[in-house]
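# Results of the structural survey
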Amino acid sequence: MSAAVTMDRFPTQLVIQGELCDAASGATFTVVNPATEEAIAHVAEGDASDVDRAVRSARATFESDAWRDMSARRRGELLYRLGELCLEHKDELARLETLNNGKPVFESLIDLKLTAETFRYYGGWADKIHGETIPVDGPFLNFTLREPLGVVGAIVPWNFPMSLAAWKIGPALACGNTIVLKPAEQTPFTALRMAELALEAGFPAGAFNCVAGRGSVAGAALVQHPDVDKIAFTGSTEVGKQIMRDASGTVKKLSLELGGKSPNIVFADADLDAAARGALTGIFYGKGEVCAAGSRLLVEESVREALTGKILERAGRMVAGDPLNPKTRLGAIVSKGQMERVLGYIESGRREGAALLTGGERTPVNGKGYFVAPTIFGDVEPGMTIAREEIFGPVLAMMTFNDGVVGAARLANDTIYGLAAGIWTRDIGKALRTARAVHAGTVWINTYNMYDVASPFGGFKQSGFGRDLGMHALQGYSQVKSVWVSL
Ligand code: NAP
Ligand code: MG
């Protein structure tokens, strides 16, 4: 371990019932810094028994007077305070995220800001969630109560460990639920740290528990647990399908934010410099480990050469670097396994006959790390593996279309996914016609990868259902009770 790394305090214990604890079995798993390939910590590896303890704790708190009697306004204040604590610990959290995930600290600070905003935004919502009175027939008063679900299990992936957890914790707590969070085994640090900070903010013990562990063990136990009311999941479509099967035994409520193969569509009349910039940030931000990554660049045939030239010129200037350096804009792939998966997809692109225009290989920094060069394939056919499957890495597949909006939409929608889409054109009518024609939960026009805590995010088709963020997320963490009163 390097001197810089040993100065860090890594959160390594589970947070259950307000206490930091080891796993009941005593097991731990090793966390690796993907930029250096060094083991940096051993984290408690929770299993079904730890999940059970955390769920009991969350249930007991949910039923407790301390939680029931707490006003919605007070809950909102605690959430707001949690957001402030994230900001007070911003350098620590960003550094943990970067050491853990390999993303540049520049990006971790952006995630941190969104995380803090998420807690503060939902803190603002807490005392504005309410039912309505309904004008029914007859001598009755009918009104609705909007109630929490109970215990929410949140399962999140490794690409945005901090902000994706906040997207679930914020609305869940605002609505009055209690939580068991299961981070990805590669990236437990910031999730565990946020659970600690929630205690410091003043949340009662058991309101926000965090159990690190393996998905197939701790994650599956949470999904199957009879006393969990809802699973809020972000991750792969494959695991999302497994969760649907496992949740059916107890008819749990679900929200699933799954994979994507999002089209970034460039029409011939676009500002090609802006489109080239957007194409690159669309796929290389977050090393392409972004569910909404613009991994398919669909270019109108007549500007293919012009756009390709601009993109390659810019891509040539993108070099991976030490993620802890604030100037670095391209970090390390999260793990050896993921790097190998990405390199496997690059190999399949070559084998199936796509033209490798740039990148295509591992590029260690200072001789180490799971770095992959920004990779761009041209001449991609819609049937190729790299055009169909989510790679979740810095690999762009370029395809061309004709026939304007119709041709663009046909190609854009030729996927099982429907998470996001980008559209580049100077013609506002064409942009809006295309926005209506693409099947995607988020559409960006002349921009890409924009997020705001107030704007809903989620998938069409096999990219999932339910929405994170905005007022829309509140629906997923509350239920309506209709009350009749005879007059
Ligand atoms: P993943 O394998 O689906 O894992 C996501 C989470 O689920 C992890 O915490 C994982 O635990 C857990 N898990 C795995 N198997 C489980 C099971 N049988 N029951 C319950 N939980 C289980 O995804 P990933 O490898 O972390 O991330 C990459 C994928 O996530 C990509 O396909 C990407 O598209 C998708 N993603 C989607 C969004 C979105 O908003 N739509 C955002 C980010 C990522 P362990 O990893 O600890 O085993
Ligand atoms: Mg996984």
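Our subject is the structure that appears above.
Computed from a predicted model, the values in this text were never measured in an experiment.

## Focus on the packing of aromatic side chains
Tallying each qualifying case throughout the model produces 11 aromatic pairs. Ring geometry for F10 versus F189: centroids 4.7 Å apart, planes at 20°, classification stacked. Within this pair, whereas F10 is found in the loop between α1 (3-6) and β1 (14-16), its partner F189 is found in helix α8 (residues 189-201), the two being separated by 179 residues in sequence. Judged by its relative accessible area of 13%, F10 is buried. Among the aromatic residues, ring-to-ring pairing joins W167, W444, Y448, Y451 and F457 into one connected group.

## Focus: the site of ligand 1
Around ligand 1, the structure places 31 residues, and the nearest of them are V156, E185, S236, L258 and E390. The separation between an oxygen atom of ligand 1 and a polar main-chain atom of E185 is 2.7 Å. The contact in question runs from an oxygen atom of ligand 1 to an N or O atom on the backbone of G215, over 2.8 Å. Coverage of ligand 1 by the protein chains reaches 89% of its 890 Å² of free accessible surface. Its atoms largely coinciding with the cavity grid, ligand 1 occupies the largest pocket. Counting residues per element, the ones that place at least two in the shell around ligand 1 are α9 (215-224), β10 (230-234) and α10 (237-248).

## Some thoughts on the pairing of strand β4 (residues 38-44)
The pairing of strand β3 (residues 28-33) with β4 spans six bridges and is classified as antiparallel. Within the sheet, the bridge partner assigned to N33 lies in β4 and is E38. Between β3 and β4, which follow one another and run antiparallel, lie four residues, and E37 among them has a positive phi close to 65°.

## Concerning the packing of helix α6 (residues 105-125) against helix α7 (residues 161-174)
Running from N to C, α6 and α7 cross one another at 5°; their axes reach a closest spacing of 8 Å. Here α6 lies roughly parallel to α7, going by the angle between them. From α6, S108, D111, L112, L114, T115, T118, F119 and Y122 reach across to α7, where they touch M162, S163, A166, W167, I169, G170, P171 and A174. Each residue belonging to the contact of α6 with α7 can be placed in one class, and the counts come to 10 nonpolar, five polar and one charged.

## Considering the pattern of salt bridges
Once the charged atoms of two side chains with opposite charge are near each other, the side chains can pair. Tallied over the entire structure, the rule returns 32 salt bridges. The salt bridge partner of R81 is E84, with a shortest N-O separation of 3.3 Å. Within this pair, R81 and its partner E84 are both found in helix α4 (residues 72-88), separated by three residues, close to a single helical turn. On the accessibility criterion, E84 (30% relative accessible area) is partly exposed. For R350, the salt bridge goes to E347, with nearest N and O atoms at 3.5 Å.

Definitions and cut-offs
Residues numbered from 1 in each chain as written. Chains lettered and ligands numbered in written order. Predicted model: local features only at pLDDT ≥ 70, side-chain atom pairs only at ≥ 80, totals over all residues. Heavy atoms only, no water. Phe/Tyr/Trp six-rings, centres within 6.5 Å; stacked < 30°, edge-to-face > 60°. Helix = DSSP H or I, 4+ residues; strand = E, 2+ residues; numbered from the N terminus. Buried < 20%, exposed > 50% of the residue type's maximum accessible area, 1.4 Å probe, protein only. Near = heavy atom within 4 Å. Polar contact = N/O pair within 3.5 Å; in protein donor to acceptor, adjacent residues only side chain to side chain. Areas by Shrake-Rupley, 256 points an atom, 1.4 Å probe, with all protein chains shown as cover. 1 Å grid on protein atoms, 1.4 Å probe; cavity = no way out; pocket = protein on both sides within 12 Å on 5 of 7 lines; lining within 4 Å. Sits in = over half its atoms within 2 Å of the grid points. Pairing = 2+ DSSP bridges. Axes fitted to C-alpha atoms, helices over the stretch in contact; angles between N-to-C directions. Parallel < 35°, antiparallel > 145°, perpendicular 65-115°, else oblique. Contact = heavy atoms within 4.5 Å. Nonpolar A, V, L, I, M, F, W, Y, C, P; charged D, E, K, R; others polar. Salt bridge = Lys/Arg side-chain N within 4 Å of Asp/Glu carboxyl O.

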